[in-house]
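What follows is the residue order along each chain.
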Amino acid sequence: MQLTADFFQQTSKILTVAELTRAIRGTLETKFGAVWVQGEVSNYKLHPSGHQYFTLKDQRAQIACVIFRNTMAPLPRTLSGLADGAQVQVYGNVSVFEARGQYQLSVQILQPRGLGLLQAKFEALKRKLEAEGLFGAERKRPLPKFPRRIGIVTSPSGAAIRDMLNVLQRRAPWLEILINPVRVQGAGAASEVAVAIRELATVNVLWPSVDLIIVARGGGSIEDLWAFNEEIVARVIADVDIPIISAIGHEIDFTICDFVADLRAPTPSAAAELIVPDIIDLRRRIDELAGCLQKCLRGSLEHQKTRLRFLSERTLARELLKRMHDAQQQIDLSRDALHRHIAHQLDYFRKGLLHIAGALQSRSPVRELSLRRNRFVDLQRRFLGLPSQVMERARDRFRRVEGILRVLGPDATLRRGYSITTNERGKLIRTVKSVEPRMRIHTRLNDGEFESTVS
């Protein structure tokens, strides 16, 4: 049996290039996610946009890498800059650049080859959780001032729990303490810590709810403290509703739990001192308040005795009669004040009505129509007499201009014996310099004109 193109089109969906590339991208990103890769840098290029591109290779294969601008932590001091031939370790997400159909590594952490992976993982997780807002001050829960019951997640055999119990017994002997024992290092310790925190934060029939939780451990190396740098522990601390104090290691030690917890204590003993007040200080404060209270009660009692003595000197009937008279007098005063107020308001409204009536009278429509009618009659009279006056003033101006022209015009000048000479083009000759031999000129006199030739 022969397989044709129609058969394949009927038995499988035909994908576009973009659909196939997108499916491959989804598979790669889901399968691999973030990975650590080491190799040699080649073809390094810093783009004007700020993005960095290079190829990471070894003896058998290579992979394209990209560092997007402002997405990577500063380079370590041992690696001042990237260059071809550098041996590095990179941490990033595997993805596909769909426009070219090639897979690449989006780098988030870059370090020289051989640097400890634990510290790099610590920095990577710290940056990830900080970007999600798990370290934000706005999500920190306030600690109870006087807790009655607390839970402690730690190793039952370590020195940290003994130090904490000694401090708590001395400062707050009334405190109820619930210890949830866990391993604090080694494989599986992080899961035990996370489960223990979740158990203490969940109310059940085995134990009542606690007011806060302390996650504690003594000092050690980064490997010893690594259980408290795991993401599972950080997620649980951020997820529960009960305030949590992180007391991991010594004062110089920092873990991811310290950043996510509601409060970081430098040591387990310091955490015990931070969560409860000292009973000696409380007793001293209670004694001070009790003394103030006794003093206030004694003063109040003396005041009440004096008042009772004052009231006992008067009879009840006389006091009641006086109060009744005072009330009647107050009623009379209120009635007079009310009458005066009403009379004042009526007078005010009456004056207002008179003022408004006068204003309406002064703006009567009949009066306004009469004034407008007289104005129109005056304007009509002035308009009807206007044309004859304008014509007469125009005639006077014309006569004056005519007289001036008769006196100053060219004809009057010719009558006085003068003449006007022009050239062939009719241009006025004003000086002998504009006259040439054999030039024809035209002369105008009072009684006629003639032409002549210049010799």
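Overview of the structure. Keep in mind that what you see is a predicted model, and the values were worked out from it rather than measured.

**Describing the overall build of the protein chain**
From N to C terminus, the protein chain includes twelve helices and 13 strands. Reported as C-alpha extents along the three principal axes, the dimensions of the protein chain are approximately 150 × 120 × 65 Å. Across the 455 residues in the protein chain, those meeting the buried criterion constitute 27%. Carbon and sulfur atoms make up 57% of the accessible area of the protein chain, which totals about 32,100 Å².

**Thoughts on the side chain of S246**
Mapped onto the fold, S246 is located in strand β9 (residues 244-248). A residue is classified by how much of its surface remains accessible, and S246, at 1% relative accessible area, is buried. Each residue touching S246, except ones within four places of it in the same chain, is listed here: V215, T255, C257, D258, A261, L263, R264 and A265.

**Digging into unusual backbone geometry**
You will see that N43, though not glycine, has its phi angle at about 55°, which is positive. Tracing the sequence through the fold places N43 in strand β1 (residues 34-46). With phi around 60°, R438 is a residue other than glycine that occupies positive phi space. Following the sequence through the fold, R438 ends up in the loop between β11 (420-422) and β12 (440-444). Judged by relative accessible area, R438 falls into the exposed class, the value being 71%.

**What to know about the pairing of strand β7 (residues 176-181)**
Here six bridges tie strand β6 (residues 149-154) to β7, and the two strands are oriented parallel to one another. Its bridge partner being in β7, I150 is matched across the sheet by I177. Assessed by its sense of winding, the connection that carries the chain from β6 through helix α4 (residues 159-171) to β7 is right-handed.

**Here's the deal with the side chain of T55**
The residue T55 is located in strand β2 (residues 52-57) in this model. Excluding residues that lie within four positions of it along the chain, T55 makes contacts with E40, V41, S42, N43, Q62 and I63.

**So, the sheet that holds β12**
Taken in spatial order, the three strands line up as β11-β12-β13 in an open sheet, and their pairing is antiparallel. Among the strands making up the open sheet, the edge pair consists of β11 and β13 (449-453). Across the sheet, the mean angle from the axis of one strand to that of its neighbour is 25°, orientation sign disregarded. Two elements, β12 and β13, share five bridges in a ladder whose sense is antiparallel. Bridge pairing links R444 to E449 in β13.

**Here's the deal with helix α5 (residues 189-201)**
Here α5 is 13 residues long and its end C-alpha atoms lie 19 Å apart, about the 18 Å a rise of 1.5 Å per residue gives. Burial in α5 covers these residues: A189, A190, V193, A194, A196, I197 and L200. Considered in projection along α5, the buried side chains sweep an arc of 160° and stay on one side of the axis. Contacts made by the buried residues of α5 are with β6, β7, β8 (212-217), α6 (231-239) and β9.

**So, the sheet that holds β9**
Read from one edge of the open sheet, five strands run β7-β6-β8-β9-β10, paired in parallel fashion. Each end of this open sheet is capped by a strand with a single partner; those strands are β7 and β10 (263-264). Across four bridges, β6 lies against β8 in parallel orientation. Note on β8: the bridge partner recorded for G151 is I213.

**Quick word on the pattern of salt bridges**
With the rule as written, the count across this model stands at 15 salt bridges. The salt bridge partner of R183 is E192, with a shortest N-O separation of 2.8 Å. Its salt-bridge partner being K351, residue D347 comes within 3.4 Å of it at the nearest N-O pair. Taken together, the positions of D347 and K351, both in helix α10 (residues 316-362) and four residues apart, correspond to about one turn of that helix.

**Let's talk about the packing of α5 against α6**
In a pair of packed helices, the angle between the axes and the distance between the axes together describe the arrangement. Two numbers describe how α5 lies on α6: the axes approach to 8 Å, and their chain directions differ by 10°. Taken together, the axis directions place α5 and α6 in an arrangement best described as roughly parallel. In this structure, α5 contributes A190, S191, V193, A194, I197 and R198 to the contact, and α6 contributes I232, V233, V236, I237 and D239. Of the residues that constitute the contact of α5 with α6, the class distribution is eight nonpolar, one polar and two charged.

Reading the values: rules and limits
- Residues numbered from 1 in each chain as written.
- Predicted model: local features only at pLDDT ≥ 70, side-chain atom pairs only at ≥ 80, totals over all residues.
- Heavy atoms only, no water.
- Helix = DSSP H or I, 4+ residues; strand = E, 2+ residues; numbered from the N terminus.
- Buried < 20%, exposed > 50% of the residue type's maximum accessible area, 1.4 Å probe, protein only.
- Areas by Shrake-Rupley, 256 points an atom, 1.4 Å probe, with all protein chains shown as cover.
- Contact = heavy atoms within 4.5 Å.
- Pairing = 2+ DSSP bridges.
- Right-handed = clockwise from strand over helix to strand, strands pointing away.
- Axes fitted to C-alpha atoms, helices over the stretch in contact; angles between N-to-C directions.
- Expected span 1.5 Å × (residues − 1).
- Arc of directions from axis to C-beta.
- Salt bridge = Lys/Arg side-chain N within 4 Å of Asp/Glu carboxyl O.
- Parallel < 35°, antiparallel > 145°, perpendicular 65-115°, else oblique.
- Nonpolar A, V, L, I, M, F, W, Y, C, P; charged D, E, K, R; others polar.

Treat this as a map of the structure, not an account of what it does.
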